[in-house]
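Next come the chains, spelled out residue by residue.
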Amino acid sequence: MSAVAHPIVDHNVPPGEPPHIHHMDTTTAYGAAKLGMWLFLGTEILLFAVMFCSFAIMRYYHLGEFHDASKHLNLWAGGFNTIVLLISSFTAAVAVTKAQKGDNAGVVKNFGFSLVCGLIFLCVKGYEYSEKARHGMFPFVWNSDFYHYKNFLGLYFCMSGLHALHVIIGMALLYWYGIRPAMRGRFSGKYYTPVELGALYWHLVDLIWIYLFPLLYLVG
Amino acid sequence: MAAHASAAVNEELNYLNWQKGIWSWLSSTDHKRICFLYLFTILIFFLAGGVAALLVRTELAFAGPQIITDPHTYNVLFTMHGVFMIFLFVVPGIPATLGNFLIPLMIGAKDVAFPRLNLFSYYVYVVGALIGAVAMFNPVDTGWTFYAPYSTTTGTSVSLMVLAAFVLGFSSILTGLNFIVTIHQLRAPGMTWMRLPVFIWASYATAVIQTVATPVIGMTLLLIIAERAFGAGIFDPSKGGDPVLMEHLFWFYSHPVVYIMVLPAFGVIGEIIPVFSRKPLFGYKMVVISSMAIAAVGFIVWAHHMFVAGISDFSAKFFSIVTFLVAIPTAIKVFNWVSTMYKGSISFKTPMLYAMAFVFLFMVAGTTGIYLAMLGVDVYYHDTYFVVAHFHYTIQGGAVIGLIAALHFWFPKMTGKMYNETVSKFAFAALFIGFNLTFIPQFILGMEGMPRRYYDYPAQYQTLHTISTIGAYLNGFGYSFALINLLWVALFGKVKAPRNPYNSLSLEWQTQSPPLHENFAEIPVVTEEPYSYGTPTGRGH
Amino acid sequence: MAHSQSHSHGHEEIGHVVPESTFLKVLIALLVLTVITVLAAKVDMGKWNIVGALVIASIKASLVIAIFMHGKYENKIIWTYILIPFILLAIMIGGVFTDDPFRDHPQPFGAQAEQAAPAAPAAPAAAHH
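Predicted model only: the values in this text are computed from it and were never measured.

Can you walk me through the overall build of chain A in this structure?
If you tally the helices and strands in chain A, you get six helices and two strands. Listed by position from the N terminus, the elements making up chain A come as β-β-α-α-α-α-α-α. For chain A, the C-alpha atoms occupy an extent of roughly 70 × 35 × 25 Å along the three principal directions. Buried positions account for 56% of the 220 residues belonging to chain A. Residue pairs in contact within chain A that sit at least 24 positions apart in sequence constitute 74% of those at least 6 positions apart.

Have a look at this one:
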């Protein structure tokens, strides 16, 4: 045993080969990474669960207000964003299969498409928020005509805002752990863990929106 | 190898001396070193929270103002006591310290599953603590429970403080996640689930709670910040919100958090008692099942903190019944520990003294908890000193005693040195007497109707308060003495500890003391159950 | 843990490979379900609207978890940790809903805040009588 520290993860390996990990073999490391990511996704779901619970009880208290306030949301924007996210989820899933087949260019194309979808989503969201602000239905610029919608709108901004933050984080992960290494031909059937984990996170972003859209825009 | 060649005193290569210098400690991904990073930091907050407590007790020693002349200062002090002790000391507590040190060693692994994440979670904790420190410039006065609408409207730095708690929670989540994956993936060959030491089972159950419960408080705290920042009115009745909703969301985490605090201590006691009774742990399977049961049932009892908050009768009855249920697995554990000791060959070393104290103190804690679970009784006791005494018996008499017991038990393994038994027993005596002297009067005060969080009281309560304050000083002295003793011996002690001074059978004791950086020269293969002390076929004797 | 069979193309893929065509079928199903959920929301079914919306959303979510996220091919441990957050969410909502719907409300919730304001100006006028 030497007095030199080993790096925990050593990526100095030929392309397509899994990195050397100081204390685990490749199969164990792959299983550990996947379990770790699913656990982390679970914590994200629980984070949003609090807001879903608050939404449930506040809607129970103020059904009329929630119905009326929901009609002020832009259904077309919400529906369009839903479709954008679903398609981006599809390309993220395809990217994992590409990585498993060693098709790094396919990873770049598909993750890239998901990333662009994320950008479109954010632009539409930004448009929605600016419209709300213009009409005084936004925090800090409340118009007293719409102040009685504040319970619904407060939850709407918290939920969709935190979701948008996760879209940004997801885009960063897709680029840094997926697109960037794939451009150097890093992945193969033996090693594609970052692609799988990045895709899992992206699917979570889609998953949350699958529940947000009907609750906020449709049912109110 | 160099490690075996130089068997000379003190120069054996181990995780403490193979790399030197402060930067090697601050950047180390070694779970054993990360244990010490956490240990020193949480003990600082133990001290700070303890000082806040002593200031509170000094003020309450006699009726009338003593050292605190304004109620706001008093509110700040008990808030700080609660926040420091819970979020910054006991919740990281045993898992971040002993859990980090022991889990890989006990399962026969070289490190946790994600060592870099481990170090990162420590620095997340530090950032949370620093944010909390900034909040101290306008310290919070809401109590550690941050109830709305006071917390959403008061002028003190609530947003910063709850943000600090959010960040600290994130550290807790990452630690829990790391431990779950470690225990699933990195067990040595032959280390099946039913051969794991109970400390591992307890840590696993704790890690699950940490990972799934903490996001709930995280989001609740963010909603408080949102409420303060732009008034969505979710928790404010004047805006159509419900303050009881905030309590539901808060206690959904804050009840399971008490199991995060105490389950690892159960694990520690389960390790100490068989060793010092030279007998196998009684009912290993039931101890395992009860650990998981406590974690699970702990998630459905939260509203017993809210019986008089205005919840419906139906809700109160449901939560009362389920709270009785959660006492059962804990009682099973107490039964198993006592049965382990029965007809054993008991050795009254310091760790065993702490373990036995734990069993007694936790029985008081649990029983008084049952009283509080009874609706009619709770209507009277809620928000009195009875509750304060109950939760100090569980948290201090349970979790903190468990931590001190663990630090004594595994001290030779962690440092390679032995402390002086006489000194440690003296500290134990001061601590134990001081603790009971502080809190038994508080049970009586509660029964006599003394409300909690009050900065003053009528003269009729004074005698008991004075006794409680004397006890508090003795208690503080006991802790200081016990910990300073250990610190002194760790830094300057000369008595070298044998590899396995208590003849324990679990894996961490089969390696050298202190362990190698890599834990094991070769990963062990496990072939038998962990507690076969005194049995014909076991290795123990 | 992840020694599932792989569709061999001569590589040793470490996990299960799902063909792109499967993903495409799931995407189409998801888009159809989205259209259905929007159309269903236009029909007024009272309190069943939210039930229907949540049921359809859950079907979509299950497809995403099972196929897109490879959930179907994972082991029991991961299934358990996928389920736990949803179970906790159910417990959270269930617990909160044992509370308010069963409280004795003398007035509709929030009514006191609304009544307090208009009542105040009327009182001085009444006092003159």
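Picking up where we left off.
Quick question: what am I supposed to make of the interface of chain A and chain B here?
Many analyses report the size of an interface as the accessible area lost when the parts associate. Facing the 31 residues of chain A at the interface are 43 residues of chain B. Elements supplying a minimum of two residues to the side of chain A that touches chain B: α1 (26-61) and α5 (150-183) of chain A. For the side of chain A that touches chain B, the element with the most residues is α1 of chain A, which contributes 17 residues. Partitioned by chemical class, the residues of the side of chain A that touches chain B number 20 nonpolar, ten polar and one charged.

Just checking my understanding: could you explain the environment of Phe55 of chain A for this structure?
All names here are of chain A. Within the fold, Phe55 resides in helix α1. Judged by local crowding, Phe55 falls into the buried class, with 24 C-beta atoms found within 10 Å. Those residues within four positions of Phe55 in sequence are excluded, and the remaining contacts are Leu155 and Leu215.

Honestly, unusual backbone geometry in this entry has me stumped. Any pointers?
Glycine aside, residues mostly have negative phi, and peptide bonds are mostly found in the trans state. Residue and element names in this part refer to chain B. Here the residue pair Ala148 and Pro149 is connected by a cis peptide bond, since its omega of -5° sits within 30 degrees of zero. With respect to the secondary-structure elements, Pro149 resides in the loop between α6 (115-135) and α7 (150-153). Each neighbour pair has its own omega, and for Ser513 with Pro514 the value is -10°, a cis peptide bond. Mapped onto the elements, Pro514 comes out in the segment after α19 (462-492). Not every positive phi belongs to a glycine, and Asn519 is a case in point at roughly 70°. Looking at the element boundaries, Asn519 is found in the segment after α19.

Would you mind going over helix α5 (residues 93-107) of chain B with me for this structure?
Quick reminder: α-helices carry 3.6 residues per turn. Residues three or four places apart thus point the same way. Residues and elements named next belong to chain B. End to end, α5 covers 21 Å across 15 residues, agreeing with the expected 21 Å (1.5 Å per residue, within 8%). Its axis deflected by about 55° at Gly99, α5 carries its strongest bend there. In terms of burial, α5 is a largely internal element, 15 of the 15 residues being buried.

Can you walk me through the confidence of the model for chain B in this structure?
Caution applies to low-pLDDT parts of the model: their predicted coordinates are not meant to be read in detail. Residue and element names in this part refer to chain B. For chain B, per-residue confidence averages 92 on the pLDDT scale, and 96% of positions sit at 70 or higher. This model gives residues 1-10 a pLDDT under 50, and the stretch forms eleven contacts once residues within four places in sequence are excluded. Among the scores for the predicted complex, ipTM is 0.93 and pTM is 0.92.

Is there a simple way to think about the environment of His135 of chain A in this case?
Residues and elements named next belong to chain A. Relative to the assigned elements, His135 resides in the loop between α4 (104-134) and α5. When the 12 C-beta atoms within 10 Å are taken as the criterion, His135 is described as exposed. Sequence spacing of His135 and Leu41 is 94 residues, and the spatial spacing of their C-alpha atoms is 36 Å.

Hey, could you run me through the packing of α1 of chain A against helix α9 (residues 198-230) of chain B in this one?
Each packed pair of helices is defined by two parameters, the angle between the axes and the distance between the axes. Between α1 of chain A and α9 of chain B, the least distance of the axes is 8 Å, while the angle of their chain directions is 45°. Accordingly, the angle class assigned to the pair α1 of chain A and α9 of chain B is oblique. In the packing of α1 of chain A onto α9 of chain B, the handedness of the crossing is right-handed. Together, Leu39, Gly42, Thr43, Leu46, Leu47, Val50, Met51 and Ser54 of chain A of α1 of chain A and Thr211, Val212, Pro215, Val216, Gly218, Met219, Thr220 and Leu223 of chain B of α9 of chain B make up the contact between the two elements. Of the residues in the contact of α1 of chain A with α9 of chain B, the class split is ten nonpolar, six polar and no charged.

Quick question: what am I supposed to make of the nonpolar core here?
Nonpolar side chains tend toward joint burial in soluble globular proteins. Residues Leu155 of chain A together with Ile272 and Ala405 of chain B are the most contacted members of the largest nonpolar core, which totals 280 residues. Residue contributions to this core reach at least three from each of two domains, namely domain 1 (18-69) and domain 2 (75-100) of chain C. With near-sequence residues (within four places) excluded, Ala405 of chain B lies in contact with Val268, Ile272, Pro351, Tyr354, Ala355 and Phe358 of chain B.

Basis of the calculations
- Every chain is numbered on its own, with residues counted from 1 as its sequence reads.
- Chains carry letters from A onward and ligands carry numbers from 1 onward, assigned in written order.
- pLDDT decides what is reported in this predicted model: residues at 70 or higher carry local features, side-chain atom pairs at 80 or more are listed and counted, and totals for whole chains, interfaces and linings draw on all residues regardless.
- Counting from the N terminus, the helices are the DSSP runs of H or I reaching at least four residues and the strands are the DSSP runs of E reaching at least two.
- As a rule, residues whose C-beta atom has 12 or fewer other C-beta atoms within 10 Å are exposed, those with 20 or more are buried, and those in between are partly exposed; C-beta atoms are placed from the backbone.
- Each residue gets a C-beta atom placed from its backbone, and two residues are in contact if those atoms lie within 7 Å.
- Residues are sorted three ways: Asp, Glu, Lys and Arg are charged, Ala, Val, Leu, Ile, Met, Phe, Trp, Tyr, Cys and Pro are nonpolar, and all the rest, Gly among them, are polar.
- Expected helix span is taken as 1.5 Å per residue step, with the number of steps being one fewer than the number of residues.
- The angle between axes fitted to the seven-residue stretch ending at a residue and the seven-residue stretch beginning at it gives the bend at that residue.
- Think of pLDDT as the predictor's per-residue confidence, scored from 0 to 100.
- Angular values range over 0 to 180 degrees, each being the angle between N-to-C directions of two axes fitted as lines to C-alpha atoms, with helices fitted over their stretch in contact.
- Oblique is the label for every angle not falling under 35 degrees (roughly parallel), over 145 degrees (roughly antiparallel), or within 65 to 115 degrees (roughly perpendicular).
- Crossing handedness is defined as follows: a turn of the near helix away from the far one that is anticlockwise and smaller than a right angle gives a left-handed crossing, while the clockwise case is right-handed.
- The term nonpolar core means buried Ala, Val, Leu, Ile, Met, Phe, Trp, Tyr and Cys residues held together as one set by C-beta atoms within 7 Å.
- For the domains described, the bounds stem from an automatic or database domain assignment.

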